Structures are given as structure tokens and as C-alpha cells.
Amino acid sequence: MNGFRDGGTPGRRARGELESNVLAALWSADGPLTARQVLERLAGDLAYTTVLTILSRLYDKGMLVRHREGRGYAYEPARDEASHTAHRMKSLLEGGSDREAVLARFVSELSEQDEQLLQQLLSAHEGPDGRDSAGH
């Protein structure tokens, strides 16, 4: 690592960091935002065209929906933050070669409160016969 945030130019952010920041701005909004409104909610000295590029990439990935607003678009997330994060967690789990090891490590690193919450959620997911809602 060379000390730069994106592995390249000093002061530049990694694309993933910019995408995360844009998504966070959209999740915190009360409704769709234009590129200019997103730019106003982001820290730093980003160019308007950079925000447009990130919005376009997120739209192309299916992570945003957009609505015509004037000559441009207003964007909003296709999923809420919890659904987005759960999808990412599932993708990471499916990409690993040892699901059991990954899940065991994940659980071992949970706080006591998160572990209790996970146990509650798993119990609620089970039906009265001890099977999950899919019949397993």
C-alpha cells in the first residue's frame, strides 16, 4: 500500500468509498435527490461531474432508480440500507470457499448484544415445530 486512499493519486478517494458516500446521502434523504443536491450533502471538494459519474454507475448497477426532473434526473436507492447491506453480506458469504468457517468467524466477532439479537431473530424465524419458515 502506498498510503493513498485509492492506491493511486494523493487526495483521491476510492470508487467504492465515493459510491458508499453517495448511497449514504441518498438513504438519509427524505426523497429523490438531483446530482447537485447529492453534491451539496457530500464532504470534500468533489466535482459535479464526478457525482454524476458515480450516480450513473450506481444506476447502471441497478442500485438506484431515477426519475426525470427538469433536464436531468433525481435519484433514489433501489433498496433500503438494511436490504443493501444484507445483500452484500450474502454475496460475500457465497463467494467464500468455506461457509462454515466464515459464519463461525462472523459469529465469534459479534458483540454480546448483536449475538443476542441474532439468536432472537433466528428463533423468530423458526416455526412452532422448530423448522424455519422454508420448512427446513
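Located above this text is the structure these notes cover.
About the thresholds
- Residues numbered from 1 in each chain as written.
- Predicted model: local features only at pLDDT ≥ 70, side-chain atom pairs only at ≥ 80, totals over all residues.
- Heavy atoms only, no water.
- Pairing = 2+ DSSP bridges.
- Helix = DSSP H or I, 4+ residues; strand = E, 2+ residues; numbered from the N terminus.
- Phe/Tyr/Trp six-rings, centres within 6.5 Å; stacked < 30°, edge-to-face > 60°.
- Lys NZ or Arg CZ within 6 Å of the ring centre and 35° of its normal.
- Core = buried A, V, L, I, M, F, W, Y, C linked by side-chain atoms within 4.5 Å.
- Buried < 20%, exposed > 50% of the residue type's maximum accessible area, 1.4 Å probe, protein only.
- Contact = heavy atoms within 4.5 Å.
- Patch = residues over 30% accessible without salt bridge, like charges linked within 9 Å, V, L, I, M, F, W, Y side chains within 5 Å.
- Areas by Shrake-Rupley, 256 points an atom, 1.4 Å probe, with all protein chains shown as cover.
- Salt bridge = Lys/Arg side-chain N within 4 Å of Asp/Glu carboxyl O.

A. View of the pairing of strand β2 (residues 64-69). Bridge count for β2 against strand β3 (residues 72-77) is six bridges, and the pairing is antiparallel. The residue of β3 that forms the bridge with Arg 66 is Tyr 75. Between β2 and β3, which pair antiparallel and follow one another directly, the connecting turn spans two residues, one of which, Gly 70, has a positive phi of 65 degrees.

B. Seen up close, the packing of aromatic side chains. Per the counting criterion, the structure on display carries one aromatic pair. Taken together, a centroid distance of 6.3 Å and an interplanar angle of 55 degrees make the contact between Tyr 73 and Tyr 75 tilted. Lying across the ring of Tyr 59, Arg 66 places its NZ or CZ 4.0 Å from the centre. In this arrangement the basic side chain of Arg 66 is found over the ring face of Tyr 73, its NZ or CZ atom lying 4.0 Å from the centre.

C. Geometry of the nonpolar core. One finds Val 22, Leu 26, Val 38, Val 51, Leu 55 and Leu 64 to be the most contacted residues of the largest nonpolar core, which totals 17 residues. Looking at this core, the elements that each hand over two or more residues are α1 (15-27), α2 (35-41) and α3 (48-60). Apart from the residues lying within four places of it in its own chain, the contact partners of Leu 26 are Leu 33, Val 38, Leu 55, Leu 64, Tyr 75 and Pro 77.

D. A look at a nonpolar patch on the surface. Taken together, Met 89, Phe 106 and Val 107 make up a surface patch of nonpolar side chains, about 250 Å² in accessible area. Locating Phe 106 in the fold gives a position in helix α5 (residues 99-108).

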